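Understanding the architecture of this molecule
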Amino acid sequence: MINTAYVQGFKVNLLKYNEALDFVKTSLDNGENVQIVTINPEFIEAAKKNPAFANIIKYAELVVPDGVGIKIALKFKGINQEQIRGVDFAQSLIELARDNGYKLALIGAKPEINQKLVEILKGKYPELNIVYHHDGYFQNEDEIIENIKNSGANLVFTALGAPKQEFFNAKLKAVSQGVVSIGLGGTFDVLSGSVALAPPVYRKLGLEWLYRTIKQPERFKRIFPTLPLFLFHSIMDGVKDNTKK
């Protein structure tokens, strides 16, 4: 049983990085259907306005703290939880798939980025079994899901942006068996080398979001005022929690 905490009413699983990997491996080996949500402050603020999205987070089998804001929010509650970054976790899952013969599908990003990522991964990991890939510019979800099923993929990365990727993965989970899916946002851009990984100093301080905003100014409108509001609400949430103790 995975320990769970709640940030502003939304669940976050409390586990170490390796425990999250072990959970995925066990799920794949047992043929279980699992949806992984890499939660961050933007998810929570969006889910407050979207009950269907909130429901997906509620029923996801694994919700990992991707954003540093989630780590800070848990800290306000007296919980010391390590950040499980989506980019790092995806890299570890790729290696897990290579070592265990899992069948990987890559869905999302621009056509050239998706193709570039496939080529990079095949070059770096010749043993990796990529059974299906498609960019994020498609109209017929049912067709893509059917293709995933027909490919035999049991590990599916979706990079469609939130909450689109979470709705897609929930739909996939509903009609599949033995598939672990994870929404990864802009991770394909980073893994393909199209967007630079944040320098170590930014990563150490949990400021990858700041680095990406500097490099991609169009993200500013997404971050502000979402992040300041989230932190304010998290402080109040932490005060309420600590008052109850």
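Here the structure is shown first, and the text comes after it.
These figures come from a predicted structure and were not determined experimentally.

Some details on the pairing of strand β6 (residues 129-134)
- Looking at chain direction, strand β5 (residues 103-108) and β6 are connected through five bridges and run parallel. The residue bridging Ile-107 from the neighbouring strand is His-134, located in β6.
- Handedness of the crossover joining β5 and β6 through helix α6 (residues 111-124): right-handed.

What about a nonpolar patch on the surface?
- Together, Phe-232, Ile-235 and Met-236 make up a nonpolar patch on the protein surface, roughly 290 Å² of accessible area in all.
- Take Met-236: it is sitting in helix α13 (residues 226-244).

Regarding the sheet that holds strand β7 (residues 155-159)
- Read from one edge to the other, the open sheet built from six strands follows the order β4-β3-β8-β7-β5-β6, with strand pairing classed as parallel. Only two strands of the sheet have a single neighbouring strand rather than two, namely β4 (62-65) and β6. Neighbour-to-neighbour, the strand axes of the sheet open up by a mean angle of 20 degrees, direction not taken into account.
- Its contacts with the sheet put α6 on β5 and β6, and the angle it makes with β6 is roughly 170 degrees.

Re the packing of aromatic side chains
- Within the structure shown, the criterion is met by five aromatic pairs.
- Taking 5.7 Å as the distance between ring centres and 50 degrees as the angle between the ring planes, the aromatic pair formed by Phe-43 and Phe-53 counts as tilted. Highlighted residues: Phe-43 in helix α2 (residues 41-49) and Phe-53 in helix α3 (residues 51-59), separated in sequence by ten residues. Accessibility assignment for this pair places Phe-43 and Phe-53 in one class, buried.
- One aromatic cluster in this structure is built from Phe-43, Phe-53 and Phe-167.
- Sitting over the ring of Phe-138, Lys-164 keeps its end group 5.5 Å from the ring centre.

Rules behind the numbers
- Residues numbered from 1 in each chain as written.
- Predicted model: local features only at pLDDT ≥ 70, side-chain atom pairs only at ≥ 80, totals over all residues.
- Heavy atoms only, no water.
- Pairing = 2+ DSSP bridges.
- Helix = DSSP H or I, 4+ residues; strand = E, 2+ residues; numbered from the N terminus.
- Right-handed = clockwise from strand over helix to strand, strands pointing away.
- Patch = residues over 30% accessible without salt bridge, like charges linked within 9 Å, V, L, I, M, F, W, Y side chains within 5 Å.
- Areas by Shrake-Rupley, 256 points an atom, 1.4 Å probe, with all protein chains shown as cover.
- Salt bridge = Lys/Arg side-chain N within 4 Å of Asp/Glu carboxyl O.
- Axes fitted to C-alpha atoms, helices over the stretch in contact; angles between N-to-C directions.
- Contact = heavy atoms within 4.5 Å.
- Phe/Tyr/Trp six-rings, centres within 6.5 Å; stacked < 30°, edge-to-face > 60°.
- Buried < 20%, exposed > 50% of the residue type's maximum accessible area, 1.4 Å probe, protein only.
- Lys NZ or Arg CZ within 6 Å of the ring centre and 35° of its normal.

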